[in-house]
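Single-letter residue listing:
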Amino acid sequence: MTQSPPLQGVRVLEFAGLAPGPFAGLLLADYGATVLRVDRAQPSAHTANPPPPTSDQLTRRKSSICVNTKSADGIALLKKLIVNVDVVIDPFRPGVLEKMGLDPEKVLLQLNPRVVVARMTGFRRDGKYKDMAGHDINYIAVSGVLSMLGRKDEKPYAPGNIVGDFGGGGAVCFMGILLALMQRERTGTGQVVEANMVDGSAFLASMPRFATKAPIWGAERGTNTLDGGCPYYDTYQTSDGKYMAAGALEPQFFGALLKGLEIDIKEIKGDRLEKSTWPQQREMYTKRFRQKTRTEWEEIFDGTDACCTPVLTHPELEKAGHDQRPIVTLKQSPAFAVAEGESGSRMAAQGQGAGVEGGGWHSKGLSPGVNGEVVLADWLGWSRGKQYSLKDGGLELGADARPRL
């Protein structure tokens, strides 16, 4: 019998921010938590004609309230909420939450000793860059990771915002929240979780960093086994302009690759492991892959141990009906499903429930103020005009919810 997702009943207050904070909130929501995003007050929020969705698309299963964070009553409302939540996600630069009067240790944990306050920054809070603005490329640059990415004789290559924002940022923050919740089960108390993308991305690069002391990654960028230097661990263009990816490192897999390419190992003038042979090998593989379409190469390599696969694009996957799934499978208590489908006929890997609109391929985002009042009613039994009011596009604590003298 399938159990509820493991975070069912966990209440999360997520301050609106950029990619890593919302990604941590998305992961929490996928595994059952109720996530309420706090947006800034703005005209038409909490009305029948809400503002357009924000640029944040990581909004699956979330709701929103707009709060007047510059007013005393707006901050008072947040304090009342924090007393009743399990997790607060702080995506701001150092000092912002403190300026709002919501210092995590001096205020939030005093209000609610069980709360977990997850603070997500780019740079380290105690480093030389702590007061500077930055983006993913800057965080992975000072972490040492960016210097390892790119082709030989070319400048370092930024891999989108995957390594910093999402891998070293949001996913690491999510892990920190789970660890703090586990600790709370034993101690009964919450704590502050500090995650930053410099340390997060550097930790993800532990193996490559250690490998720089060994032959596998000890040479300059783009000349090593796993960074584009090795010809049998690379991508190759096919006759139709598409690509195949080869990763045949072990001898038996390399043999299967050569068999599929119809190349005799004797054509390699020397030991394949010797870097002196790599230019010649790359030339051979480049010419051979260009002789067939990607589909033809797939027919040759599918089902083999050649470690050779097509480089698929997201539009191709979507068109083919590939289902987006939760990040990890829990066999007894799966996450909520992402892909749309019948809720009663899913494998655990696909998640439980009917999925979400867009199926993980596109998101309409979340308009500020949408469905947030439903969450307030569900969590606390609050209603507008009693415990809170709407003023200038934001919610504030009402007279009925203020402490009585």
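Above this text you will find the structure in question.
Residues numbered from 1 in each chain as written. Predicted model: local features only at pLDDT ≥ 70, side-chain atom pairs only at ≥ 80, totals over all residues. Heavy atoms only, no water.

Describing the overall build of the chain
Here is step 1 of the chain: Tallying secondary structure elements over the chain gives 13 helices and 11 strands in all.
Here is step 2 of the chain: Summarising its shape, the C-alpha atoms of the chain cover approximately 90 × 50 × 45 Å along the three principal directions.
Here is step 3 of the chain: Taking all 405 residues of the chain together, 45% fall into the buried category.
Here is step 4 of the chain: Considering only intrachain contacts with a sequence separation of at least 6, the fraction spanning at least 24 residues in the chain is 65%.
Here is step 5 of the chain: When the accessible surface of the chain is summed, it comes to about 21,000 Å², and 53% of that surface belongs to carbon and sulfur atoms.
Here is step 6 of the chain: One way to put it: in the chain the 48 positive side-chain charges average out to a point 4 Å from where the 46 negative ones average out. (Helix = DSSP H or I, 4+ residues; strand = E, 2+ residues; numbered from the N terminus. Buried < 20%, exposed > 50% of the residue type's maximum accessible area, 1.4 Å probe, protein only. Contact = heavy atoms within 4.5 Å. Areas by Shrake-Rupley, 256 points an atom, 1.4 Å probe, with all protein chains shown as cover. Lys, Arg positive; Asp, Glu negative; His and termini not counted. Charge placed at Lys NZ, Arg CZ, Asp CG, Glu CD.)

Let's talk about the packing of aromatic side chains
Here is step 1 of the chain: In the structure shown here, the tally under the stated rule is 11 aromatic pairs.
Here is step 2 of the chain: On the basis of an interplanar angle of 85° and a centroid distance of 6.5 Å, the ring pair of Y232 and W278 is categorised as edge-to-face. Taken together, the residues Y232 in the loop between helix 8 (206–211) and strand 7 (233–237) and W278 in helix 10 (residues 278–289) connect sequence positions 46 residues apart.
Here is step 3 of the chain: Lying over the aromatic face of F210, R209 brings its terminal NZ or CZ to 5.4 Å of the ring centre.
Here is step 4 of the chain: The ring of F254 has R272 lying over it, and the distance from NZ or CZ to the ring centre is 4.5 Å. (Phe/Tyr/Trp six-rings, centres within 6.5 Å; stacked < 30°, edge-to-face > 60°. Lys NZ or Arg CZ within 6 Å of the ring centre and 35° of its normal.)

Comments concerning the pattern of salt bridges
Here is step 1 of the chain: In total, this model carries 21 salt bridges according to the counting rule given.
Here is step 2 of the chain: We note a salt bridge from K62 to E14, for which the minimum N-O separation is 2.8 Å. Of the two residues, K62 sits in strand 3 (residues 62–67) while E14 sits in strand 1 (residues 11–15), which places them 48 residues apart along the sequence.
Here is step 3 of the chain: Given a relative accessible area of 6%, K62 falls into the buried group.
Here is step 4 of the chain: E316 is the salt-bridge partner of R294, the closest N and O atoms lying 2.7 Å from each other. Highlighted residues: R294 in helix 11 (residues 294–301) and E316 in helix 12 (residues 314–319), separated in sequence by 22 residues.
Here is step 5 of the chain: Its relative accessible area of 7% is what places R294 among the buried residues.
Here is step 6 of the chain: Judged by its relative accessible area of 24%, E316 is partly exposed.
Here is step 7 of the chain: A cluster of three or more residues bridged by salt bridges with shared partners is formed by D90, E98, R119, R125 and E194. (Salt bridge = Lys/Arg side-chain N within 4 Å of Asp/Glu carboxyl O.)

Concerning a negative patch on the surface
Here is step 1 of the chain: A cluster of like negative charges, contributed by D240, E296, E299 and D302, occupies part of the molecular surface.
Here is step 2 of the chain: Note on placement: D302 falls in the loop between helix 11 and strand 9 (308–310). (Patch = residues over 30% accessible without salt bridge, like charges linked within 9 Å, V, L, I, M, F, W, Y side chains within 5 Å.)

A word on helix 13 (residues 372–380)
Here is step 1 of the chain: Along helix 13, the residues that are buried comprise G372, E373, V375, L376 and W379. Along helix 13, the residues classed as buried sweep out an arc of 155° about the axis, all on the same side. In helix 13, the exposed residues that point more than 90 degrees away from the buried face are V374 and D378.
Here is step 2 of the chain: Against the buried residues of helix 13 lie strand 1, strand 2 (34–40), strand 3, helix 2 (72–82), strand 10 (388–391) and strand 11 (394–397).
Here is step 3 of the chain: Looking at the residues trailing helix 13, positive phi occurs at G381, about 75°. (Arc of directions from axis to C-beta.)

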